[in-house]
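Overview (structure and organization)
Residue-level listing of the chains:
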Amino acid sequence: MVGVMSFKTEILVTGILLVVVFVLNSLTKRAIRRFGRTSAIDMNNRKIIFYLSNLFFYGFALVGISLIWGMNLKDFSLFLSSTLAILGVGFVAQWSILSNLTASVILFFSHPLRLGDRIRVLDKDFDWTGKVEDISGFYLFMRTDDGRRITIPTNLVIQKGIEILKNEEEDTGEEEFIEN
């Protein structure tokens, strides 16, 4: 019978890995929360980034624990490549889901578009001008000047040019043009 003492090293390294992953995840959440507050980003948008960071860190912990407890590297690489192939086929079938999620992350971190901004989507087919009401994981919701509620996929917000007319809180009369 194999005792607990024979797995002393694996238990110790697993514990250390879990503590490191927990600390890094907590620090990342704190940084996201601080960045979200200073950039006046809605809590719902921060939740998307929290979920993605949790997915990354827990996936990292799962891989690390699997390797610590003796999963053969050759078997692990076969498992990983099979999983990625299945995910690749799924994402090719639904590429817009991945692109919308990626666009939401880009909007969160680097785009000057905020809730309450009056914007104009520069599109040759449509003239959408209105106020940004919400930005979710997949869509930007805006209320047009004529009262319609428009839902635009976030990947189109990144691809189209957006003209920020004015923010609801500041009415300086200055206009900012952003071309993506």
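Residues numbered from 1 in each chain as written. Predicted model: local features only at pLDDT ≥ 70, side-chain atom pairs only at ≥ 80, totals over all residues. Heavy atoms only, no water.

**A closer look at the nonpolar core**
Short version of the rule: Each nonpolar core is a collection of buried residues, namely Ala, Val, Leu, Ile, Met, Phe, Trp, Tyr and Cys, held together in the definition by side-chain atoms within 4.5 Å. In this scheme, a residue with accessible area under 20% of its type's maximum is buried, one over 50% is exposed, and one in between is partly exposed, where area comes from a 1.4 Å probe on protein chains only. Think of it this way: any DSSP run of H or I at least four residues long counts as a helix, any run of E at least two long counts as a strand, and we number them from the N terminus. Only heavy atoms matter for contacts: two residues are in contact if any of them lie within 4.5 Å across the pair.
If you look at the biggest cluster of nonpolar residues, it comprises 14 residues, and the most contacted ones within it are Leu113, Ile119, Leu140, Met142 and Ile152. Looking at this core, the elements that each hand over two or more residues are strand 1 (117-122), strand 2 (127-135), strand 3 (139-144), strand 4 (149-153) and strand 5 (161-167). The element that contributes the greatest number of residues to this core is strand 2, accounting for three residues. In this structure leucine 113 touches Leu107, Ile119, Val132, Ile135, Leu140, Val157, Ile162 and Ile164, once residues within four positions along its chain are discounted. Grouped together as the second largest cluster of nonpolar side chains are five residues, Ile32, Ile41, Ile49 and Phe50 included.

**Let's talk about the environment of aspartate 127**
Along the chain, aspartate 127 turns up in strand 2. In this structure aspartate 127 comes out as exposed when scored by relative accessible area, which is 60%. Note: C-alpha distance between aspartate 127 and threonine 144 (17 residues apart in sequence) is 9.6 Å.

**Some words on a positive patch on the surface**
Put simply, the test is: Patches in this entry comprise residues that are over 30% relatively accessible and not in a salt bridge; like charges within 9 Å are linked, as are nonpolar side chains (Val, Leu, Ile, Met, Phe, Trp, Tyr) within 5 Å. The protein chains shown are the only cover counted for residues, whose accessible areas, like all others here, come from Shrake-Rupley with a 1.4 Å probe. Throughout this description, the term salt bridge denotes a Lys or Arg side-chain nitrogen within 4 Å of a carboxyl oxygen of Asp or Glu. Working convention for charge: Lys and Arg count positive, Asp and Glu count negative, and His plus the chain ends are omitted. Every charge is mapped to an atom, namely NZ of Lys, CZ of Arg, CG of Asp or CD of Glu.
Together, Arg30, Arg33, Arg34 and Arg37 make up a positively charged patch on the protein surface. Relative to the elements of secondary structure, arginine 30 occurs in helix 1 (residues 8-38).

**What to know about helix 1**
Definition in use: Multiplying one less than the number of residues by 1.5 Å gives the expected span of a helix.
Here helix 1 is 31 residues long and its end C-alpha atoms lie 45 Å apart, about the 45 Å a rise of 1.5 Å per residue gives. Three or more residues of helix 1 are buried, namely Thr14, Leu17, Val21, Asn25, Ile32 and Gly36. Downstream of helix 1 by one or two residues, alanine 40 has phi in the positive range, about 55°.

**Examining the pairing of strand 4**
On a regular strand, each side chain points to the face opposite its neighbour's, so the side chains alternate between the two faces of the sheet. Selection rule: Criterion used throughout: strands pair if DSSP finds at least two bridges between them.
Of the two faces of strand 4, the one holding Ile150 and Ile152 is buried and the one holding Arg149, Thr151 and Pro153 is not buried anywhere. The antiparallel pairing of strand 3 with strand 4 creates a hairpin that spans four residues between the two strands, and glycine 147 there sits at a positive phi of about 95°.

**Some points on the pairing of strand 3**
Across five bridges, the pairing between strand 2 and strand 3 is antiparallel. If you follow valine 132 over to strand 3, its bridge partner there is methionine 142. In this structure, the hairpin formed by strand 2 and strand 3 is closed by a connection of three residues.

**Details of the confidence of the model for the protein chain**
Rules: pLDDT measures how confident the predictor is about each residue, on a scale from 0 to 100.
Residues of the protein chain with pLDDT of at least 70 account for 85%, and the chain-wide mean is 80. With pLDDT under 50 throughout, residues 171-176 is counted as low confidence; its partners more than four residues away or in other chains account for eight contacts.

**Things to note about the environment of leucine 67**
Looking at the secondary structure, you find leucine 67 in helix 2 (residues 43-68). Exposure remark for leucine 67: the relative accessible area of 36% places this residue in the partly exposed category. Residues leucine 67 and glutamate 10 lie 57 residues apart in sequence; the distance between their C-alpha atoms is 10.0 Å. Residue contacts for leucine 67: discarding those within four places in its chain leaves Leu73 and Phe76.

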